[in-house]
Every structure is written in C-alpha cells, then in structure tokens.
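Next come the chains, spelled out residue by residue.
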Amino acid sequence: MYRAATRLLPGLASFVVVLVIWELAGRYRYVNPVLLPPPSVIGSTLWEIVRSGALLEPLGQTFLLLFVGYALACLFGIALGLVMGRSEVIYGLLEPLIELLRPIPKAALVPPLFLFLGFGATMKITIVALAAFFPILIATIQGVRGVDRVAIDTARTFGCTGLALNLRIILPASLPMIATGMRVGLGLGLILVVLAEMLAGDGGVGYLILDMQRSFAVRQMYAWIVILAAAGLAINAIFVFVEARAIPWRAK
Amino acid sequence: MTAFLKIDAVTKSYGAGPAVRSALRDVSIDIQRSELVAILGPSGCGKSTFLQIVAGLIPPTSGQVMLDGKQVSAPPRDMVYLFQQYTKSLFPWRTVLQNVAFPMEMQRTASQRLVRARCLEYLAMVGLGGCEDQYPWQLSGGMQQRVAIARALAAEPRVLLMDEPFSAVDALTRLELQSLVLDIWARQRLTVLLVTHDVDEAVFMADRVAMLSARPSVVASITDIDLPRPRDTMGTRESARFLSLRHGLLDTLLHPTAHVVGNV
C-alpha cells in the first residue's frame, strides 16, 4: 500500500499542478475562459451530464460500435495471422497485398466507406475493424513464427499435430505477441470510431463533441472530451487487467 | 533376434553440391529392449541431430530407424523425447498437472478423473507431490525438469530419448536426477537412449556407451559398461571399474584419431 502510494504520488502531483495552473489561468484571464473554461467549470458541467443520465446513451452507442468492430478485427486478425504464420504458401500469397494496404491511414477510408455503407453502424463497425485488424494480424504472424521449435517438437512427440497443434500450442504460445497487437488495435479502433462518428453525424460521443463545438456549447464539448478520455483509460485498464490474468507467464 | 530399436546407416547432410556438409555418416546402433544406451561425443558432433532423427522429428538423408520392426517416419506414440531446454519444452500456460496430463489428453484414452490420478502418481514418483497446481515458471530449474520427466512418463512410452537432459541444472540436482531416472528406468523397464557430453553421466547410467566422433560423426566405439546395478550415486562413482571405464572413454574423447575404428 505504502509502495503503491509512493509510486503513484509523483504522477498525481504533476496532474494536480497542471489542474491548478489551468484553473488560475482561467480565473485571472491569462487564457480566454470562453474558449478554455477552467477545470472547475468543466467539472460541474461534467457532473450535470453524469447526474442527468445523458451520459449513457452516446457512450453506449460509441463503445458498442467499438467493441463489435474490435471483436471482428480480433477474430479475423488472429485467424488469418495463424494461417499466414503457419503456411509459407499463404504467407507468400497474401503478404504483398497486406503490406500494400497496411500503411494506408484508415481515416482516409472513411469517405469511400460512406459511399458503400452509408452513415450508419455498419460503416463505423467496418472502419473500426479495418483499423484494428492490421496490428492484430501482424502481431499474430510474428507471434506464430516466433513459437519456439522445442515447444512444437515437444507437442509433436506426444502426437499433437495439425489443428490440435495450432489450437493447443501455437495459439497460446503466441498469445503474448497477439495481446500486444490487440492493445495497439484497441487504441486505433477508439480513434477511428470517434472520427467516423464526427464525419457521419449520426450520434455517439464523437458526433456530440463536434456538435457541441458547432453550437458553441464549449463547456459541454470539454466535458465530453473528458468523458471520452476517462472511458479510454478505463478500457485500457480493463485490457491490462485481463491480459495479466490471461498471460501470467509473460512477466517471466 | 533383431534389435528393438535399430538405427541403420543413418546419414544426415545439409546443403547440396559442393557446399554439402555432413553431420552424421552411416551411424548404426542396435538397442535391445529395456537397455539404456548413452551416446557420447564432443559438443557439436551432431548428437542432437542424431536423436531427433531417431525420434522421427527430422528425416535422415539416408538410412533408417526401425522401432520394433516398424520404420520411424513421424514421432511414434510410444517414444518420448526429453529436451535439454525444459523451460521451452514445458507449456507455461498450463499448470504442472495440466502439463503432465498433456500426453494423455492427446491419446484420449482415460477419463478425466483417471488422468488426474495418474498425473499425481507420476508427480509423486519424481518427487513433486503438492506442486500440481503451480505453474512451471514458478518452479526451480531442477523441479521443471522433473515435471518434464513426469510428463514423459505419463505418455507411458516404451522408449525414452533424452537429449542432454541434465546439462542445464546445477551439479547437485544433476546427481539427484540421474539416480531418479535410473530408478524409474529400472521400475518401468524402459528403453532409454541418452545423449550426453558428460563422460561420468554416460558411465554412471548406461549399459553401453556409443562414442560418436567429431563431424561428420561416425560411431567411433561402443563400450560395455559392466558396473553392477543398482548403481549408487557415490559408491559406483568411486569404484575402480568406474574410474577405469571413465578413463578409457575420456582418453578416446581427448585423443580421437588414435581410436577411430569405423562402424560397429
């Protein structure tokens, strides 16, 4: 407890210092409080949003889209990564294509996706899935290729081959790498879902932030940004929590 | 009588044309049922390659391995390989018990309750009672190799192939594990092929020691180890016969050219 406190304290102190400077800068008019309200004002606006229950619907919408898209990315990324990591033929077949598509900033694909999928949930799920897919795929391929020969040979001597080898040995052995890719993918997915909501104008936290700015509800805009930051922090913490329990040998 | 495990003119070379490098050349050894044969050789002589060919993990360039009259082309079910690198050989996502249960899961012969009971039995046999719910990476090196031994036994093999199994543990643990394996070998009537670069280990454990030469490796000599069994960790090692056998083998290792006699 004491050690945790001494570890967290410096970071917390700098956070408080920034808040205080920000507050004072607003109070004494070093910055225009209309454009950047002090934290106390944003805080009370935030509290109103939370208390009124207005928080739930947009947040729920945004994160549902994120999770569906992310789940699809994990499913396809890990499955294709396994196949590509295990088969030289399929790797040779698909690798150039993937290297071509991977560097495209996925944000640039939002406008063309509007054309095919409209402005609704399908488009947003697709763009999240696309953004998260590539880091998960690449990490899975690397993880699969890096599985130690001894582990594979051990399994083979016990008659574990084919699909059983892939599911019981290759997949769990590459899990630490896969998790790294999944973490990068989750971050990209969050960025893309917010961006897609802003461009689509069809609800969600991303849309709200843009809408508040346009209607000059500056305090609300900042409050929603804080909500988004907190939600992002929360899902990252959940990810770390689950990861530590799913891959306890990673630290070793 | 034909040998239980017959290694017949096994040759392994890498590359092709002028760049071809030979690791093994015409290695032939006949191993009887329940025999413990040690393969001794200088480091880098292709001992591990040899054992992996016997296990069916890699194919020989020419020659063949016959187990009980059947040619080995893939890892046979009743042959188990014990790796030197136990940390990489144990599966870190499985508990000790789940590691030991792995071969039985693959064979799908026993009910879950029976699997558990048998795993606990093998863990007790290697002195790891009470460790079943821990993970391998929570154990010391010597304990990890014991888990690997228990897992090998759980496959109920007829042949145990050991690739320098004790070279990565400390000296004291090595002595303990050598005696442990001898006990189990005697109890289960296993056929064991032990690859090692440790002359003492070979003499202490084996019925016969086959010496491989430097690359390209041929069988330089085969020595009968006529020490009485059961062998004692200290007594056997201090006996005059042990020392003279050890002397002869060390001499061959240190002065190889004087002794090469071709294939046996």
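Treat the numbers as computed from the prediction; the structure is a model and nothing was measured.

Focus: the interface of chain B and chain A
- Counting residues at the interface gives 23 residues for chain B and 18 residues for chain A.
- Of the roughly 1,900 Å² buried between chain B and chain A on both sides combined, carbon and sulfur atoms contribute 73%.
- Here Lys88(B) and Asp148(A) are joined by a salt bridge, their closest N and O atoms 3.6 Å apart.
- Remark: the boundary between chain B and chain A carries three residue pairs in polar contact (both at pLDDT 80 or more).
- At the level of secondary structure, the elements contributing two or more residues to the side of chain B that touches chain A comprise strand E6 (79-82), helix H2 (86-89), helix H3 (96-107) and helix H5 (141-154) of chain B.
- Across the side of chain B that touches chain A, the residue classes tally to 16 nonpolar, three polar and four charged.

Regarding the side chain of Ser213(B)
- If you trace the backbone, Ser213(B) turns up in the loop between strand E9 (208-212) and strand E10 (219-224).
- Setting aside its immediate chain neighbours within four residues, Ser213(B) contacts Pro42(B), Cys45(B), Val218(B) and Ala220(B).

As for helix H1 (residues 2-27) of chain A
Residue and element names in this part refer to chain A.
- Helix length check: H1, at 26 residues, gives a terminal C-alpha distance of 36 Å against a target of 38 Å (1.5 Å per residue), a fit within 8%.
- Most pronounced at Leu9, the bend in H1 amounts to some 35°, and the proline Pro10 follows within four residues.
- Looking at H1, one finds that the buried residues are Glu23, Ala25 and Gly26.
- Packing partners of the buried residues in H1 comprise helix H2 (39-52).
- Just beyond H1, the residue with positive phi is Arg29, at close to 65°.

Describing a nonpolar patch on the surface
- Judged by side-chain polarity, Leu9(A), Leu12(A), Phe15(A), Val16(A), Val20(A), Leu24(A), Tyr28(A) and Tyr30(A) come together as a nonpolar surface patch covering roughly 890 Å² of accessible area.
- When you line up the elements, Phe15(A) lands in helix H1.

What counts and what doesn't
Counting of residues starts from 1 at the beginning of each chain's written sequence and follows it residue by residue. Chain letters and ligand numbers both follow the written order, the letters beginning at A and the numbers at 1. In view of the model being predicted, local features appear only for residues whose pLDDT reaches at least 70, and side-chain atom pairs are presented and counted only at 80 or more, with totals across whole chains, interfaces and linings using the full set of residues. Side-chain figures throughout are based on the complete set of non-hydrogen atoms in the structure, without hydrogens or water. For this analysis, residues touch if any pair of their heavy atoms sits within 4.5 Å. The quantity reported as buried area is the accessible area (1.4 Å probe) lost by two parts once they are put together, taken as the sum for both. Salt bridges are counted wherever a side-chain nitrogen of Lys or Arg sits within 4 Å of a carboxyl oxygen of Asp or Glu. For this analysis, a polar contact is any N or O atom pair within 3.5 Å, provided that within protein one partner can donate a hydrogen and the other can accept it, and provided that sequence-adjacent residues contribute only side-chain to side-chain pairs. Note on conventions: DSSP H or I runs of at least 4 residues are helices, E runs of at least 2 residues are strands, and numbering of each starts at the N terminus. Put simply, Ala, Val, Leu, Ile, Met, Phe, Trp, Tyr, Cys and Pro go in the nonpolar bin, Asp, Glu, Lys and Arg in the charged bin, and everything else, Gly too, in the polar bin. Any helix carries an expected span of 1.5 Å times its number of residues minus one. Bend at a given residue is defined as the angle between two axes, one fitted to the seven residues that end at that position and one fitted to the seven that begin there. Three labels apply to residues, based on accessible area from a 1.4 Å probe with only protein chains included: buried if under 20% of the type maximum, exposed if over 50%, partly exposed otherwise in between. Note that patches include only residues with greater than 30% relative accessible area and no salt bridge, and the join distances are 9 Å for like charges and 5 Å for nonpolar side chains (Val, Leu, Ile, Met, Phe, Trp, Tyr). Per-residue accessibility takes into account occlusion by the displayed protein chains alone, with areas from the Shrake-Rupley method and a 1.4 Å probe.

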